[in-house]
Amino acid sequence: MDKLRLGVLASGRGSNLQAIMDAADNGKINAEVVIVISDQEKAYALERARQRDIPAEFVNPKAFKARDEYEEVIVELLNRYGVGLVCLAGYMRIIGKTMLTAFPNKIMNIHPALLPAFPGLHGQEQAWRHGVKFSGCTVHFVDEGVDTGPIIIQAVAPVLDDDTADTLAARILEQEHIIYPEAIRRYAEGRLKIEGRKVITLPIGP
Ligand code: GRF
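For the structure given in this document, a descriptive report is provided here. The shown structure was predicted, so the numbers you read here are calculated from the model rather than taken from an experiment.

**Examining helix α3 (residues 67-80)**
For an α-helix, 3.6 residues make a turn, and residues three or four places apart therefore share a direction.
Then comes step 1: Compared with an ideal rise of 1.5 Å per residue, which puts 14 residues at 20 Å, α3 spans 20 Å between its outermost C-alpha atoms and is within 8% of the ideal.
Then comes step 2: Regarding α3, the residues found buried are Tyr70, Glu71, Ile74, Val75, Leu77 and Leu78. With its buried residues spanning 160° around the axis, α3 presents them on a single face.

**A word on the site of the ligand**
Then comes step 1: Around the ligand sit Arg13, Gly14, Ser15, Asn16, Gly90, Ile110, His111, Pro112, Gln124 and Glu176, and those are all the residues in its vicinity.
Then comes step 2: Here serine 15 contributes a side-chain N or O atom positioned 2.6 Å from an oxygen atom of the ligand.
Then comes step 3: Contact between the ligand and isoleucine 110: a nitrogen atom at 3.1 Å from a main-chain N or O atom of the residue.
Then comes step 4: When the ligand is considered free in solution it has 370 Å² of accessible area, and contact with the protein chains removes 87% of it.
Then comes step 5: The site holding the ligand turns out to be the largest pocket.
Then comes step 6: For the shell around the ligand, the secondary structure elements donating two or more residues are α1 (15-25) and β5 (107-111).

**Considering the packing of aromatic side chains**
Then comes step 1: One pass over the full model with this rule turns up two aromatic pairs.
Then comes step 2: Above the plane of the ring of tyrosine 70 lies arginine 93, whose end atom (NZ or CZ) is 5.7 Å from the centre.

**A word on the pattern of salt bridges**
Then comes step 1: Enumeration over the complete set of coordinates arrives at twelve salt bridges.
Then comes step 2: The partner of aspartate 22 in a salt bridge is arginine 52, and the shortest N-O contact between them spans 2.5 Å. Note that aspartate 22 is positioned in helix α1 and arginine 52 in the loop between α2 (44-51) and β3 (56-58), a separation of 30 residues in sequence.
Then comes step 3: The class for arginine 52 is partly exposed, based on a relative accessible area of 26%.
Then comes step 4: Of the charged contacts, one joins glutamate 189 and arginine 185 as a salt bridge, the two residues approaching to 3.1 Å between their closest N and O atoms.
Then comes step 5: Residue arginine 185 is classed as partly exposed on the basis of its relative accessible area, which comes to 22%.

**Things to note about the packing of α1 against helix α6 (residues 165-188)**
Then comes step 1: Remark: α1 packs on α6, axes separated minimally by 9 Å, with the N-to-C direction vectors making an angle of 45°. One way to sum up the angle between α1 and α6 is to call them oblique. Along this stretch, α1 crosses α6, giving a crossing that reads as right-handed. Touching Ser15, Asn16, Ala19, Ile20 and Ala23 of α1 are Leu173, Glu176, His177, Tyr180, Pro181 and Ile184, all from α6.
Then comes step 2: Residue composition of the contact of α1 with α6, by class: seven nonpolar, three polar and one charged.

**With respect to α1**
Then comes step 1: In terms of burial, α1 is largely enclosed, as nine of its eleven residues are buried.
Then comes step 2: Taken as a whole, α1 has its buried residues at Ser15, Asn16, Leu17, Gln18, Ala19, Ile20, Met21, Ala23 and Ala24.
Then comes step 3: The inward-facing, buried residues of α1 abut β1 (4-9), β2 (31-38), α2, β4 (85-88), β5 and α6.
Then comes step 4: At the exit of α1 stands glycine 27, carrying a positive phi of roughly 75°.

**Digging into the nonpolar core**
Then comes step 1: Formed by 42 residues in total, the largest nonpolar core has its most connected members in Leu6, Val33, Met108, Ile152, Tyr180 and Ile184.
Then comes step 2: Counting residues per element, this core draws most heavily on α6, which supplies eight residues.
Then comes step 3: If we ignore the near neighbours within four places in the chain, the residues touching leucine 6 are Ile20, Ile29, Ala31, Glu32, Val33, Val34, Ile35, Val83, Leu85, Cys87 and Ile184.
Then comes step 4: The next biggest cluster of nonpolar side chains, apart from the first, holds 20 residues, and it includes Val86, Ile95, Leu100 and Val142.

Rules of the game
Residues numbered from 1 in each chain as written. Predicted model: local features only at pLDDT ≥ 70, side-chain atom pairs only at ≥ 80, totals over all residues. Heavy atoms only, no water. Helix = DSSP H or I, 4+ residues; strand = E, 2+ residues; numbered from the N terminus. Expected span 1.5 Å × (residues − 1). Buried < 20%, exposed > 50% of the residue type's maximum accessible area, 1.4 Å probe, protein only. Arc of directions from axis to C-beta. Near = heavy atom within 4 Å. Polar contact = N/O pair within 3.5 Å; in protein donor to acceptor, adjacent residues only side chain to side chain. Areas by Shrake-Rupley, 256 points an atom, 1.4 Å probe, with all protein chains shown as cover. 1 Å grid on protein atoms, 1.4 Å probe; cavity = no way out; pocket = protein on both sides within 12 Å on 5 of 7 lines; lining within 4 Å. Sits in = over half its atoms within 2 Å of the grid points. Phe/Tyr/Trp six-rings, centres within 6.5 Å; stacked < 30°, edge-to-face > 60°. Lys NZ or Arg CZ within 6 Å of the ring centre and 35° of its normal. Salt bridge = Lys/Arg side-chain N within 4 Å of Asp/Glu carboxyl O. Axes fitted to C-alpha atoms, helices over the stretch in contact; angles between N-to-C directions. Parallel < 35°, antiparallel > 145°, perpendicular 65-115°, else oblique. Left-handed = near helix turned anticlockwise from the far one by under 90°. Contact = heavy atoms within 4.5 Å. Nonpolar A, V, L, I, M, F, W, Y, C, P; charged D, E, K, R; others polar. Core = buried A, V, L, I, M, F, W, Y, C linked by side-chain atoms within 4.5 Å.

Okay, here's the thing in structure tokens:
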């Protein structure tokens, strides 16, 4: 079967991008990252892509009057590279209609908390401040809300008494690097079925 072509959008250090590229390289997922796009010129994610000779593009949101115009450029790029699944990996922008229409149920995101708890920015710190005993991370399909789309996979991380927001974030990040490639693997195998708010993982076929 042809490899699923991934477009990754990232704003920062790109450790999730790295986990996805590693999983693709070592054959854990039948997919390849074909383009990385960032809204931040200095994002280390772009550097990680270039180190692997993967096209890496900075698209400056400030150059556009409206989000739609900015997203049209992103969609054009993703289509030019034949992207079949868009993966948000630390991408710090809300996804608008233009992208959602161009890639219906084909945009995934990873969030560093157990949604629907602690959506938005700094999910790890929100959970730590709240005093929960368990937090974790969530891979979900993106819809028009912020961190509200149908949940694909979650992983749990315990919160220890001597944690800081940073030590908790590090523990959660380890899980992120496991479940994001796993969600992509299931998608690439055609095993994710969306039923309303629920995402069912179909068994591996014959
Ligand atoms: C991760 O914690 C992810 O869950 C959140 O932003 C962070 C990105 O980290 N959406 P990285 O750039 O993948 O290292």
